[in-house]
Amino acid sequence: MQSHYDAELKDTVRYLGKVLGETIKAELGQEWLDRIETIRKDGRSSFQGDATRSENLKEIFKNLTDSDLLTVGRAFAQFLTLGNIAEQEYNSAMSVDASMDALFKHLDKADLSVENVQKAVSKLNIDLVLTAHPTEVTRRTLIHKQKELAQCLQSIHQESLDDHERTRIETRIADLISQAWHTEEIRSVRPTPVDEARWGFSVIENSLWEAVPDFLRDLNERLKADYNVSLPLDAAPVHFSSWMGGDRDGNPFVTAKVTEQVLLLARKRAAKLFASDLDRLQVELSMFDCSAALREEVGEEANEPYRALLRPLVRRCGATRDGIADYLSGKKVDQSDWVQHNDELLKPLLLCYDSLVECGMSVTANGLLLDTIRRVKCFGIHLLQLDVRQDSERHADVFSEITRYLGLGDYAQWSEADKQAFLLRELSSKRPLFPAEWDASADVKEVLDTCKVISQHGKEGFGIYIISMASEPSDVMAVQLLLQEAGVDWPMPVAPLFETLDDLNNSPAVMRKLLSIDWYRGYIKGKQFVMIGYSDSAKDAGALAAGWAQYESQEALVKVADEFETTLTLFHGRGGTIGRGGLPAHAAIHSQPPGSLDGGFRVTEQGETIRYKFGMPKLAKQSLGIYASAIIEAMLFPPPEPKPEWRELITKMAANGRDNYRGTVRQDKDFVPYFRVATPEQELGKLPLGSRPSKRKPQGGIESLRAIPWIFAWAQTRLVLPSWLGVMRAIDAVKAESDPKVVEEMFAEWPFYRSRLSMLDMVFNKADPRISEAYDERLVPAELKHFGKALRDELQESIDSLLSLTGQESIMDKDPMGKESMNIRAGYLQPLHYLQIELLERIRAAGDDAQNPVLERAMMVTIAGIAIGMRNTG
């Protein structure tokens, strides 16, 4: 299997590289192509440990002009992009059903009852929340070309192609690669939140719209064949939410107007897609026979009853699409003919379905019609549900301002008991709290306007309201009062977000206090959401301490919810990288505490990982299969509760890991100066990535740096420090004084502990101490060089320790495909690192005031290229 993977994928990468080379030659000539080829060969040999070739690269780049450096950077960034596309296409072609096969083999071996399987399937609830706040380095126009290229690769690998067809596809591949080479790969301006949202809509339209019904059809067929269990007709085991246009925490560009615009644009896209589906349906459903219920609905005169029922829906979807376009362009519109609720589509479609089945046409009922029904259940007329996120301080500011205005004192200075008493009194009051003549400040007005938008657009368009930095019950109740005052007449779920180590540790106490309030339990009607933050907790305390705190808090929250007979849905705010909680989906789900999936599985999908998981229909179907199979498996075969002796050891390891991490990051006086010069952290701020600023506070230091650029900066130098710092030293210290049998048992039987080590295996595969050292040699002053050396010494110690613990000879021996995936890209990555070092030296030598657009663009290209090669940014 491995040799076939190597051969086929490498052949495709070589082929695409050759086509890019011909493109470069056509524009710049043979001399340039020869130069690029020399650099590529030196990069490969350098990666394999040839120090002479590394010196060659340094010398070549030292002697190139700024403009030439830009050309080299662009070439290797595009090589890496093509390599990723080849790998993505190869993986999607292998077997989209592999995860399902594994699940059903496991189920068959366990000899489970039909009832057990039916129960697990009925509880399947996957909510994938698309976010854009992490850094998406690739422009949308290039993403489109890359998708076209992937489709060409799928076609060219078909054995039935004749020579004419092959030539036609090869010509198209050359065309697309040439288009990409002659396109600016770096945005000139940051995307707006609306741009980010449109990108999310495009992922749904171009991939998920097809993938979701395909996945559900396959799941249903497997369940039916193996267990005679079927998905209910209106089942919605998977749906999508979004933060794009709703997440205003630390993003001043997300306003109430932006949120409303994004909601309307999503409805417009959904109306367009449903109009197309319904139009196809009414063309196909030309039959005369129908049920009495359908005949009663359309009347005796209709010769084609299905068309008679669907035709008005096609027209109304068109009216919704066109009306929203007119409204957004400033025209006055009549909204009376717009589709306003999901049931307006669902009821007629279900009526058609029941009629077809009753009249002996089940095969037609279960075709395009069933796909459309499932799309309504998954996406709805809003396409996805928009979450709103805001910092608790902004809500408190509203009440401070109004209580001062009303002469009641300053809400911010009150005790928690007084705040709760005030909020409960106002929540039960029949009169409005905010006087009409009150002239609120701009910041307060923005919060109130956001709540007004929620009230005007209804329940189906929104997911949940998330409160950052929530630490008391009043933080949650304050939002509920704001929503009530704005006229929101449905119980919008409000989720506290616990992010830092202290927040996670305190979360069970906060939720117990909240659920002890009678009014609150009545409001939530037995269903509570809690968001667990992964990025900030890891940045605060290191990967091991954060991981254990997340586990313990979830475990305790499940028990608190059970105590109050409340269904708890945990919302996992994971990033794509290990340092932000990223894990392969199967490992992430199986390392959760028992019972934590009972209320469903809600998780963020961010930036570039959306493309890698859901960018093409086959990949999306594969990813949905992995999620579904892992969740079903975890519900039927829950992981064990940690034994007391495991818990004791991991608690000690986490405490040691926290102290190790903070000892370096917070307490060592050399850390911040070293970080500033050894990584391109300062230059990252110039890259027009996501819509949010890189810092929460513009004048703040490391503590205010967002988790995303924090991770991104270390990934660029291949030290990937936040993902491993302090972890193996902590594990080794505790292991040395513990019973070896207990440590071995933890590794063999506890998925949570095993997943921590598996994560490190992946991290160390991406780390490269030699590259980090090369940055230090050129960029770090002599008095700080010792610091980088100490970090690299710990990295090597950690790698050696992990290998000893896992019994591997080298990193990722147990995942040869993952290992080879990185190796294929490494030769192209190597030149980009040495090029970036040269650029950083030139830019810094010129000083902060120097303006050199060519150098800066080249710098941005290397940052983006390395991120593409590493397959993640933040």
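Residues numbered from 1 in each chain as written. Predicted model: local features only at pLDDT ≥ 70, side-chain atom pairs only at ≥ 80, totals over all residues. Heavy atoms only, no water.

S.K.: Now, about the overall build of the protein chain: what can you tell me, with residues and values included?
M.R.: Regarding its fold elements, the protein chain presents 36 helices and eight strands. For the protein chain, the spread of C-alpha atoms along the three principal axes comes to 85 × 75 × 60 Å. Counting all 874 residues of the protein chain, 59% fall into the buried class. At a minimum sequence separation of 6, the contacts of the protein chain that also span at least 24 residues come to 82%. Carbon and sulfur atoms form 49% of the exposed surface of the protein chain, whose accessible area is close to 34,600 Å². The averaged location of the 130 negative side-chain charges in the protein chain is 2 Å from the averaged location of its 105 positive side-chain charges. (Helix = DSSP H or I, 4+ residues; strand = E, 2+ residues; numbered from the N terminus. Buried < 20%, exposed > 50% of the residue type's maximum accessible area, 1.4 Å probe, protein only. Contact = heavy atoms within 4.5 Å. Areas by Shrake-Rupley, 256 points an atom, 1.4 Å probe, with all protein chains shown as cover. Lys, Arg positive; Asp, Glu negative; His and termini not counted. Charge placed at Lys NZ, Arg CZ, Asp CG, Glu CD.)

S.K.: Can you tell me about the pattern of salt bridges, naming the residues and giving the values?
M.R.: According to the stated counting rule, one finds 53 salt bridges in the structure shown. Where Arg14 meets Asp11, a salt bridge forms, and the shortest distance between an N and an O atom there is 2.8 Å. Taken together, the residues span about one helical turn, with Arg14 and Asp11 both in helix H1 (residues 2-28) at a distance of three residues. When the shortest N-O distance is used, the salt bridge between Arg375 and Asp277 registers 2.8 Å. Within this pair, whereas Arg375 is found in helix H14 (residues 362-378), its partner Asp277 is found in helix H10 (residues 256-284), the two being separated by 98 residues in sequence. (Salt bridge = Lys/Arg side-chain N within 4 Å of Asp/Glu carboxyl O.)

S.K.: So what about the sheet that holds strand E8 (residues 601-606)? Which residues, and what values?
M.R.: Strand order in this closed barrel of eight strands is E1-E2-E3-E4-E5-E6-E7-E8, and the pairing throughout is parallel. Averaged over all neighbouring strand pairs, the angle between strand axes comes to 25 degrees, with direction disregarded. Sheet strands in contact with helix H24 (residues 607-614) are strand E1 (126-131) and E8, and its direction is about 105 degrees off that of E8. (Pairing = 2+ DSSP bridges. Axes fitted to C-alpha atoms, helices over the stretch in contact; angles between N-to-C directions.)

S.K.: Before we move on, could you go through the packing of helix H19 (residues 501-515) against helix H22 (residues 543-563) and cite the residues and values that matter?
M.R.: Packing of H19 against H22 brings their axes to within 8 Å, and their N-to-C directions diverge by 5 degrees. Put simply, H19 runs roughly parallel to H22. Only Ala545, Ala546, Ala549, Gln550, Ser553, Ala556, Leu557, Val560 and Glu563 of H22 make contact with H19, whose side of the interface consists of Leu501, Leu504, Asn505, Ser507, Pro508, Met511, Arg512 and Leu515. In terms of residue class, the contact of H19 with H22 is made up of eleven nonpolar, four polar and two charged. (Parallel < 35°, antiparallel > 145°, perpendicular 65-115°, else oblique. Nonpolar A, V, L, I, M, F, W, Y, C, P; charged D, E, K, R; others polar.)

S.K.: Kindly report on a nonpolar patch on the surface, identifying the contributing residues and their values.
M.R.: Taken together, Tyr405, Leu406 and Leu408 make up a surface patch of nonpolar side chains, about 270 Å² in accessible area. Considering the arrangement of structural elements, one finds Tyr405 in helix H15 (residues 392-405). Under the relative-accessibility criterion, Tyr405 is labelled partly exposed at 40%. (Patch = residues over 30% accessible without salt bridge, like charges linked within 9 Å, V, L, I, M, F, W, Y side chains within 5 Å.)

S.K.: So what's going on with the pairing of strand E4 (residues 462-468)? Residues and values would help.
M.R.: Across a regular strand the side chains alternate sides, sitting on one face of the sheet and then on the other. Of all seven residues in E4, seven are buried; the element is thus mostly enclosed. As judged from the five bridges shared by strand E3 (residues 385-391) and E4, these two strands associate in the parallel manner. Counterpart to Gln390 in the pairing with E4 is Ile467. Sheet topology note: the E4/strand E5 (residues 494-498) ladder contains three bridges and is parallel. Each bridged residue has a counterpart across the sheet, and for Ile466 the counterpart in E5 is Ala495. For the segment spanning E4, helix H18 (residues 473-485) and E5, crossover handedness is right-handed. (Right-handed = clockwise from strand over helix to strand, strands pointing away.)

S.K.: Explain the packing of aromatic side chains to me, and be specific about the residues and the numbers.
M.R.: The full count for this structure, using the stated rule, is 32 aromatic pairs. Plain terms: the ring middles of Trp646 and Trp750 are 5.8 Å apart, the flat faces sit at 25 degrees to each other, and that makes the pair stacked. On the criterion of sequence distance, the pair formed by Trp646 in helix H26 (residues 644-665) and Trp750 in the loop between helix H31 (740-749) and helix H32 (751-766) is long-range, its members being 104 residues apart. Its relative accessible area of 1% is what places Trp750 among the buried residues. Considering the side-chain rings of Tyr674 and Trp714, the 6.4 Å spacing of their centres and the 25 degrees angle between planes classify their relative orientation as stacked. Linking Tyr674 in helix H27 (residues 671-678) with Trp714 in helix H29 (residues 707-716), this pair joins segments that are 40 residues apart in sequence. The same class applies to Tyr674 and to Trp714, which are both buried. Site record: aromatic cluster; members linked through ring pairs are Phe399, Tyr405, Tyr411, Trp414, Phe422, Phe434 and Trp438. When the ring centre of Trp32 is taken as origin, the NZ or CZ atom of Arg35, which lies over that ring, is 4.5 Å away. (Phe/Tyr/Trp six-rings, centres within 6.5 Å; stacked < 30°, edge-to-face > 60°. Lys NZ or Arg CZ within 6 Å of the ring centre and 35° of its normal.)

S.K.: How would you explain H26 if you had to name every residue and give the values?
M.R.: With 22 residues, H26 ought to run about 32 Å at 1.5 Å a step, and its terminal C-alpha atoms sit 31 Å apart, in line with that. If you check which residues of H26 are buried, you get Trp646, Leu649, Ile650, Met653, Ala654, Gly657, Tyr661, Arg662, Thr664 and Val665. (Expected span 1.5 Å × (residues − 1).)

S.K.: Go over the nonpolar core, please, and point to the residues and values.
M.R.: Ranked by size, the top nonpolar core spans 270 residues in total, and within it Phe240, Leu278, Phe399, Trp724 and Tyr753 carry the most contacts. Considering each element in turn, this core owes the most residues, 15 residues, to helix H9 (residues 193-227). Not counting chain neighbours up to four residues away, the residues in contact with Phe240 comprise Asp127, Leu128, Leu130, Leu208, Val212, Cys378, Phe379, Leu384, Gln385 and Leu624. In terms of nonpolar packing, the next biggest core, distinct from the first, is built from nine residues, Val129, Trp243, Ile466 and Met531 among them. (Core = buried A, V, L, I, M, F, W, Y, C linked by side-chain atoms within 4.5 Å.)

S.K.: Can you explain the environment of Ser507? Please cite residues and give values.
M.R.: Note on placement: Ser507 falls in helix H19. Ser507 sits in the buried class, given a relative accessible area of 0%. Separated by 284 residues in sequence, Ser507 and Leu791 have C-alpha atoms that sit 33 Å apart. Beyond its immediate chain neighbours, meaning those up to four positions away, Ser507 contacts Phe498, Ser553 and Leu557.

S.K.: Mind laying out the confidence of the model for the protein chain, listing which residues take part and the relevant values?
M.R.: Averaged over the protein chain, the pLDDT score is 90; the fraction of residues at 70 or greater is 93%. When the elements of the protein chain are averaged for pLDDT, helix H5 (residues 98-110) gives the smallest value, 73, and helix H13 (residues 343-358) the largest, 98. In this model residues 576-582 is a low-confidence stretch, pLDDT under 50, and it forms 34 contacts with partners more than four residues away in sequence or in other chains. Low confidence marks residues 696-701, where pLDDT is under 50. Its contacts with residues over four positions away, or in another chain, come to eight contacts. (pLDDT = per-residue confidence, 0-100.)

S.K.: Just give me the short version of the environment of Asp279, but keep the residues and values in it.
M.R.: Among the secondary structure elements, Asp279 is positioned in helix H10. It is 8.9 Å that separates the C-alpha atoms of Asp279 and Leu313, two residues lying 34 residues apart in sequence. A distance of 3.0 Å separates polar atoms of two side chains, one belonging to Asp279 and the other to Gln282. (Polar contact = N/O pair within 3.5 Å; in protein donor to acceptor, adjacent residues only side chain to side chain.)

S.K.: Lay out the pairing of E1 in plain terms, naming residues and giving numbers.
M.R.: Within E1, six of the six residues are buried, which leaves it mostly tucked inside the rest of the structure. Direction of pairing for E1 relative to strand E2 (residues 238-242): parallel, over a ladder of five bridges. For Ile126, the partnering residue across the bridge sits in E2 and is Val238. With six bridges connecting them, E1 and E8 associate as parallel partners. Paired with Val129 across the strands is Thr604, a residue of E8.

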